[in-house]
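# Descriptive structure summary
Residue-level listing of the chains:
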Amino acid sequence: MGVGRHKKEFHEYLVESNGRHVVHEDYSRSPASAFLRYTIEAKDAVSYCQKHFPKNADGAYRKDAMDSLQYIVSAFLPAIMGHFETFERYLFAGVFEHSRLLHGFDVEKFFSRLKKECNVSIDAVRLGAYRGFRAPVGILLADNLPGWHDPERVNSYFSAFGFKRQFFSNDDCARLRVLWQLRHSIVHTGGSITIPDAQKVDELKAYGGKPVVFDAQFVFEVSRRMHPLVKTATKGIEDCFRIGLIDNVPKQDQESLAKLFEVKSSAPAWLR
């Protein structure tokens, strides 16, 4: 670094978006579609690296290229799971916002069921942060609920609406526990699966003490497999919701409901 060169503080490296990034406004309109769009963009970013990283004459990646690719692939998992949590919270928030359209919906019973899982309270400081901005009640509620990394607890949150269907299936819960634990190991334990953490998930018991290093296809497979999981979960809740709808739902609410439960992707074959 040359003498006198400006040294920027960390926050000064933040730049304007190119307009393609998935943001909270996207999640507020259509949680599932926003999340799936991000997984596709993550998959495409890794694919770009795979195509352009240098290879040996035999077609295998050079060692430095493979090392870099593995770091990049691992770094994407926390980002994907962060977006997945945002999908969960915004869908829950949207269902709560639209619960006024459900015939006979009892808010008191809803919170009674919710309180069996956690102490429901709104953080006053968090509430104050929204002053001067529009703050939907559903988002305030979802932001103050813990445990979005626990698929069984997420199931209980959606069950509080009185729906007779699990948000995530048992198989989905098992797969999500693996992803959340791997994410935990990357974020909290230096990218290695500690022996105690490995014991928490049956599928990871053989990996205790090992670093989290993925095959280059990992992000592709996460994106592909998340498509049917998200579609089934979202459409299952939509089916339950629409059974309880009041008559003569206003057109504006019909349109917002259609967007809330929309599940679209630039890879539609993965939704089947």
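The present account deals with the structure reproduced in this document.

We now examine the environment of valine 120. With respect to the helices and strands, the residue valine 120 is situated in the loop between helix 4 (107–115) and helix 5 (124–129). What valine 120 contacts, discounting residues up to four positions off in sequence, is Phe111, Leu114, Lys115, Leu141 and Leu145.

Under the criterion given, the structure shown has zero disulfides. Cysteine cysteine 118 shares no disulfide, and the gap to the nearest cysteine sulfur, in cysteine 173, comes to 17 Å. Cysteine 240 takes part in no disulfide bond, and the closest cysteine sulfur, belonging to cysteine 173, lies 15 Å away. Given a relative accessible area of 17%, cysteine 240 falls into the buried group.

With that settled, the discussion passes to the nonpolar core. Counting 75 residues, the largest nonpolar core has Phe84, Phe92 and Val95 as its most contacted members. Mapped by element, the contributors of at least two residues to this core are helix 2 (31–52), helix 3 (63–98), helix 4, helix 6 (137–143), helix 7 (151–159), helix 8 (170–188), helix 10 (218–243) and helix 11 (251–260). If you tally residues by element for this core, the top one is helix 3, at 15 residues.

On to the packing of aromatic side chains. Within this structure, the stated rule accounts for 26 aromatic pairs. Above the ring of tyrosine 13, the side-chain terminus of lysine 8 is found at 4.3 Å from the ring centroid. If you follow lysine 55 out to its NZ or CZ, it ends over the ring of tyrosine 61, 5.0 Å from the centre.

This next bit is on the packing of helix 3 against helix 8. One way to put it is that helix 3 packs onto helix 8 with a least axis distance of 9 Å and a crossing angle of 125°. Comparing the axis directions of helix 3 and helix 8 gives the class oblique. Crossing hand, helix 3 versus helix 8: left-handed. Listed contacts from helix 8 to Ser74, Leu77, Pro78, Met81, Phe84, Glu85 and Glu88 of helix 3 are Leu176, Leu179, Trp180, Leu182, Arg183, Ile186 and Val187. A per-class count over the contact of helix 3 with helix 8 returns ten nonpolar, one polar and three charged.

Conventions adopted
- Counting restarts for each chain, with residues numbered from 1 along the sequence as it is written.
- Note on the predicted model: pLDDT of at least 70 is required for a residue's local features to be given, and 80 or more for side-chain atom pairs to be given and counted; whole-chain, interface and lining totals, by contrast, use all residues.
- Calculation of side-chain values draws on the structure's entire complement of heavy atoms; hydrogens and water are dropped beforehand.
- Under the DSSP-based scheme used, a helix requires at least four consecutive residues in state H or I and a strand at least two consecutive residues in state E, with every element numbered from the N terminus.
- Residues count as neighbours in contact if any of their non-hydrogen atoms are within 4.5 Å of one another.
- When two cysteine sulfur atoms lie within 2.5 Å, the pair is treated as a disulfide.
- We call a residue buried when its accessible area falls under 20% of the maximum for its residue type, exposed when it is over 50%, and partly exposed in between, using a 1.4 Å probe and counting protein chains only.
- For our purposes a nonpolar core is just a set of buried Ala, Val, Leu, Ile, Met, Phe, Trp, Tyr and Cys residues, chained together by side-chain atoms within 4.5 Å.
- We call Phe, Tyr and Trp rings a pair once their centres come within 6.5 Å, taking the six-membered ring for Trp, and we label the pair stacked below 30 degrees between planes, edge-to-face above 60, and tilted otherwise.
- Distance and angle both matter: a charge sits over a ring if NZ of Lys or CZ of Arg is within 6 Å of the ring centre and within 35 degrees of the ring normal.
- For helices, the axis comes from a line fit to the C-alpha atoms of the stretch in contact; other axes are also lines fit to C-alpha atoms, and the angle between any two N-to-C directions lies between 0 and 180 degrees.
- When an angle is under 35 degrees it counts as roughly parallel; over 145 it counts as roughly antiparallel; between 65 and 115 it counts as roughly perpendicular; any other value is oblique.
- Throughout, a crossing is termed right-handed when the near helix is turned clockwise from the far one, and left-handed when it is turned anticlockwise from it by less than a right angle.
- Just so you know the grouping, Ala, Val, Leu, Ile, Met, Phe, Trp, Tyr, Cys and Pro go in nonpolar, Asp, Glu, Lys and Arg go in charged, and all remaining residues, Gly too, go in polar.

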